[in-house]
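Chain by chain, the residues:
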Amino acid sequence: MIPSPEEPGRASGLIPRDSSLPNLEFPFRDLNSRVTTTASFYVRNHFPTPPLTAEDWSLTVGGAVLHPLRLGLEELQSLPALTLTATMECAGNGRTFLSPRPRGVPWELGAVGTACWTGVPLSAVLERAGLPEVAATWEVVLEGADRGVMTEPVASPGEISYARSVPLAKALDDVLLAYEMNGEVLTPDHGFPVRAVVPGWYGMASVKWLTAVQVVPEPFQGYFQTVDYAYWETRDGLPPQLRPIGPLQLKAAIARPAPREVVPCGVPYEVTGAAWAGEAEVARVEVSVDGGCTWADAEFIDPPKPHVWRRWRFLWQVPGGPVRPTLLARATDTHGRVQPTCHDPARGSYMITHPLPIEVDVQESSP
Ligand code: MTE
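Summarised in this report is the structure supplied together with it. Quick caveat, the model's predicted, so the values are computed rather than measured.

Each value, and the rule that gives it
Residues numbered from 1 in each chain as written. Predicted model: local features only at pLDDT ≥ 70, side-chain atom pairs only at ≥ 80, totals over all residues. Heavy atoms only, no water. Helix = DSSP H or I, 4+ residues; strand = E, 2+ residues; numbered from the N terminus. Rg over C-alpha atoms; globule rule 2.2 N^0.38 Å. Buried < 20%, exposed > 50% of the residue type's maximum accessible area, 1.4 Å probe, protein only. Contact = heavy atoms within 4.5 Å. Areas by Shrake-Rupley, 256 points an atom, 1.4 Å probe, with all protein chains shown as cover. Lys, Arg positive; Asp, Glu negative; His and termini not counted. Charge placed at Lys NZ, Arg CZ, Asp CG, Glu CD. Pairing = 2+ DSSP bridges. Core = buried A, V, L, I, M, F, W, Y, C linked by side-chain atoms within 4.5 Å. Phe/Tyr/Trp six-rings, centres within 6.5 Å; stacked < 30°, edge-to-face > 60°. Near = heavy atom within 4 Å. Polar contact = N/O pair within 3.5 Å; in protein donor to acceptor, adjacent residues only side chain to side chain. Nonpolar A, V, L, I, M, F, W, Y, C, P; charged D, E, K, R; others polar. Axes fitted to C-alpha atoms, helices over the stretch in contact; angles between N-to-C directions. Salt bridge = Lys/Arg side-chain N within 4 Å of Asp/Glu carboxyl O. Arc of directions from axis to C-beta.

Overview of the overall build of the protein chain
Reasoning step 1: When you go through the protein chain residue by residue, the secondary structure sums to 5 helices and 24 strands.
Reasoning step 2: Taken over the C-alpha trace, the protein chain has a radius of gyration of 21 Å; the compact-globule value for 367 residues is 21 Å, and the two agree within 12%.
Reasoning step 3: Projecting the C-alpha coordinates of the protein chain onto the three principal axes gives extents of approximately 70 × 55 × 40 Å.
Reasoning step 4: Counting every position in the protein chain, which comprises 367 residues, the buried fraction comes to 54%.
Reasoning step 5: Contacts in the protein chain between residues far apart in sequence, at least 24 positions, make up 72% of those at least 6 positions apart.
Reasoning step 6: Entry remark: accessible area of the protein chain is about 16,100 Å², with carbon and sulfur atoms responsible for 54%.
Reasoning step 7: In the protein chain, 29 side chains carry a positive charge and 41 a negative one; their mean positions are 4 Å apart.

This is the structure in C-alpha cells:
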C-alpha cells in the first residue's frame, strides 16, 4: 500500500524552502519533544519523490559480494528487525547564517530532527550476500530510485540518481535499512518503502527510496560524494584534499527564543534548545546572552543517548529594554572538544557548527 499523497509531512506546519521540490523545514522554535513527529520532520529532496509501490519495489545487492541478490519488501521484512533512535541533520542546516549568503536551500535552524527508525541492519543483508576477505577501505554504495539532472553546484553529466557511500566498517556496524519511522510505514517524502539510516552522520548519507546496494573496493566518486556534499580537508600540513562529508559535527542550537523574537523585559525567560554530537556525546552546553562576552552553563533536559540530541534549558533574567541582545549556545563533547567560534570556509556552505547568533528584541511588555 502506498501512503496517501495527503500524508501529513506535506500539510503540517513545515516551512517550504524551495518552490519546485518538497524541501521543508521544521520551525525549530516548536521543539518540544525529544522525538520529532513525522509530520514535523524536515524533508530534503534533490529530485521529485519517486512513485514507488510496495509490490514493485525490490533491493538489489551487488558489486563485490559473493552472491548478488534481490530482495522484495516482504522478504526484507521477514529478517530480524530492530528499532533505533537517531538525530538527522542536513549538512546545510543553518546556511542562512553565513555571510555572504551562499547558494543552496536556505535552511535556517530546522533542517534537523530525531526519529525512531525500524528496519533490518544492513549487515544482515550483506552477510546474506557474502563478503570476500575485504580491505578496510572498501565502501558500500547506497542508491535511491530518484533521478534527475543537477544544475548546481555544477551541471551533472546528464540524468543521475541519488547515491552516496559509507565505509564498509560503518555499514556493518549500525546502518539500518528502515521501513518504519516513528512506528508507522515510511511516508513517500521520507523514503517509502525503504531508506537507509546512517546513525551519527549528516542526513545526506541516509539514502531514501533505496533500491540498490553495491560493495565497491574503490572510493565512490558519485556526484553527491565528490561534487556536492564534499569539503576541503587540510591535515598534517598536506595540500587540501576533497573529502566527502561524513559524521555529524558537535553543535548546540537555540530553539527559543527564535531569531527576531520579541521578548518582554525584566522577567525570567526559559531559553531552550538541543545539542548533538554525531558519533560522540554531548557533555556540556553553555549559553551567552551578551553576544559571546560571558557564558553560563545550561541544564540538560534529556540524559545522554548515542546518536540522539539532548535538549537543554537555561533560565535567562531578561534585562530592561528596549535592547537587542544576541544569544549564543555552544556545546562541549565528552572528549573536551568545543564548537569552533567561526565557520571554516573550507566547509563551503556545509557543516555550519559555529554558535549561531540569535538576535532578539527585548521590549517593555504592553500594559
Ligand atoms: N535520498 C535520496 N534518494 N534522495 C535525496 O535527495 N536527500 C538526502 C537524504 N537522502 C536525499 C536522500 C539528504 S541531503 C538529507 S538531509 C536526508 O535525506 C533528509 O531526509 P528526510 O527528507 O527524510 O528528512
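Quick notes on the pairing of strand S3 (residues 58–63)
Reasoning step 1: Where S3 meets strand S4 (residues 69–72), 4 bridges bridge the pair, whose relative direction is antiparallel. Following the sheet pairing, Ser58 is matched in S4 by Gly72.
Reasoning step 2: Judged from the 4 bridges that link them, S3 and strand S12 (residues 210–216) form a sheet pairing that is parallel. Each residue of the ladder has a partner; that of Gly62, found in S12, is Gln214.

What about the nonpolar core?
Reasoning step 1: With 108 residues, the main nonpolar core has Phe28, Leu76, Trp117, Val140, Trp312 and Trp316 as its most contacted residues.
Reasoning step 2: Excluding anything up to four places from it in sequence, Trp316 contacts Val263, Val267, Pro268, Tyr269, Val271, Val289, Pro325, Leu327, Val360 and Val362.

Focus on the packing of aromatic side chains
Reasoning step 1: For the coordinates displayed, the defined rule picks out 11 aromatic pairs.
Reasoning step 2: Judged by centre distance (6.3 Å) and plane angle (80°), the rings of Tyr42 and Trp107 are edge-to-face. Here Tyr42 is found in the loop between strand S2 (24–25) and S3, whereas its partner Trp107 is found in the loop between strand S5 (82–89) and strand S6 (112–121), with 65 residues between them in sequence. With respect to class, Tyr42 is no different from Trp107; both count as buried.
Reasoning step 3: Between Tyr162 and Phe224 the ring centres are 4.5 Å apart and the planes differ by 35°, which places this aromatic pair in the tilted class. Here Tyr162, found in strand S8 (residues 159–167), pairs with Phe224, found in helix H5 (residues 223–226); they are 62 residues apart in sequence, far enough to count as distant.
Reasoning step 4: Tyr162 sits in the buried class, given a relative accessible area of 7%.

Description of the site of the ligand
Reasoning step 1: In the vicinity of the ligand there are 21 residues, among which Tyr42, Asp146, His190, Arg195 and Lys208 approach most closely.
Reasoning step 2: Arg195 places a side-chain nitrogen or oxygen 2.7 Å from an oxygen atom of the ligand.
Reasoning step 3: For the ligand, whose accessible area on its own is 530 Å², the fraction buried by protein is 100%.
Reasoning step 4: Taken together, the residues of the shell around the ligand break down into 10 nonpolar, 6 polar and 5 charged.

A look at the side chain of Glu233
Reasoning step 1: As for its position among the elements, Glu233 is in strand S13 (residues 230–233).
Reasoning step 2: Ignoring anything within four residues of it in the chain, the contact list for Glu233 reads Pro239, Pro240, Gln241 and Arg243.

Examining the sheet that holds S4
Reasoning step 1: Spatial strand order, S4-S3-S12-S7-S8: 5 strands in an open sheet with mixed pairing. For this open sheet the edge positions go to S4 and S8, each flanked by a neighbour on one side alone. The average angle at which neighbouring strand axes cross in this sheet is 20°, direction not considered.
Reasoning step 2: Helix H3 (residues 122–129) rests against S3, S4, strand S7 (139–149) and S12 of the sheet, and its axis sits at about 135° to S4.

Observations concerning the pairing of S4
Reasoning step 1: Burial along S4 is one-sided: the face carrying Leu69 and Leu71 is buried and the face carrying Arg70 and Gly72 is not.
Reasoning step 2: Connecting S3 to the antiparallel partner S4 that follows it, the hairpin turn spans 5 residues.

Comments concerning the sheet that holds strand S21 (residues 310–317)
Reasoning step 1: Reading across the sheet, the 4 strands line up as S15-S17-S21-S20 and stay open at both edges, with antiparallel pairing between neighbours. With one partner strand each, in any of the chains shown, strand S15 (251–256) and strand S20 (299–300) form the two edges of the open sheet.
Reasoning step 2: Taken together, the 2 bridges between S20 and S21 define a ladder with antiparallel strand orientation. Along S21, the bridge assignment pairs Glu299 with Arg313.

Topic: the pattern of salt bridges
Reasoning step 1: Applying the stated criterion across every chain yields a total of 18 salt bridges.
Reasoning step 2: Lys170 is the partner of Asp174 in a salt bridge, and the nearest nitrogen-oxygen pair spans 3.0 Å. Both residues of the pair, Asp174 and Lys170, belong to the buried class.
Reasoning step 3: One salt bridge in this structure joins Glu233 and Arg235, with 3.4 Å as the shortest N-O distance.
Reasoning step 4: Each of Arg284, Glu286, Asp297 and Arg330 takes part in a single network of salt bridges with overlapping partners.

Considering H3
Along an α-helix, a turn takes 3.6 residues, which lines up residues three or four apart on a common side.
Reasoning step 1: By the burial criterion, the buried members of H3 are Leu122, Ser123, Val125, Leu126 and Ala129. Along the long axis of H3, the arc covered by the buried residues comes to 160°, so they all point the same way.
Reasoning step 2: Note on H3: the residue one or two positions beyond its end, Gly130, has a positive phi of about 80°.

Examining the environment of Gly200
Reasoning step 1: In this fold, Gly200 is placed in the loop between strand S11 (195–197) and S12.
Reasoning step 2: A sequence separation of 121 residues divides Gly200 from Leu79, and the C-alpha atoms of the two residues are 24 Å apart.

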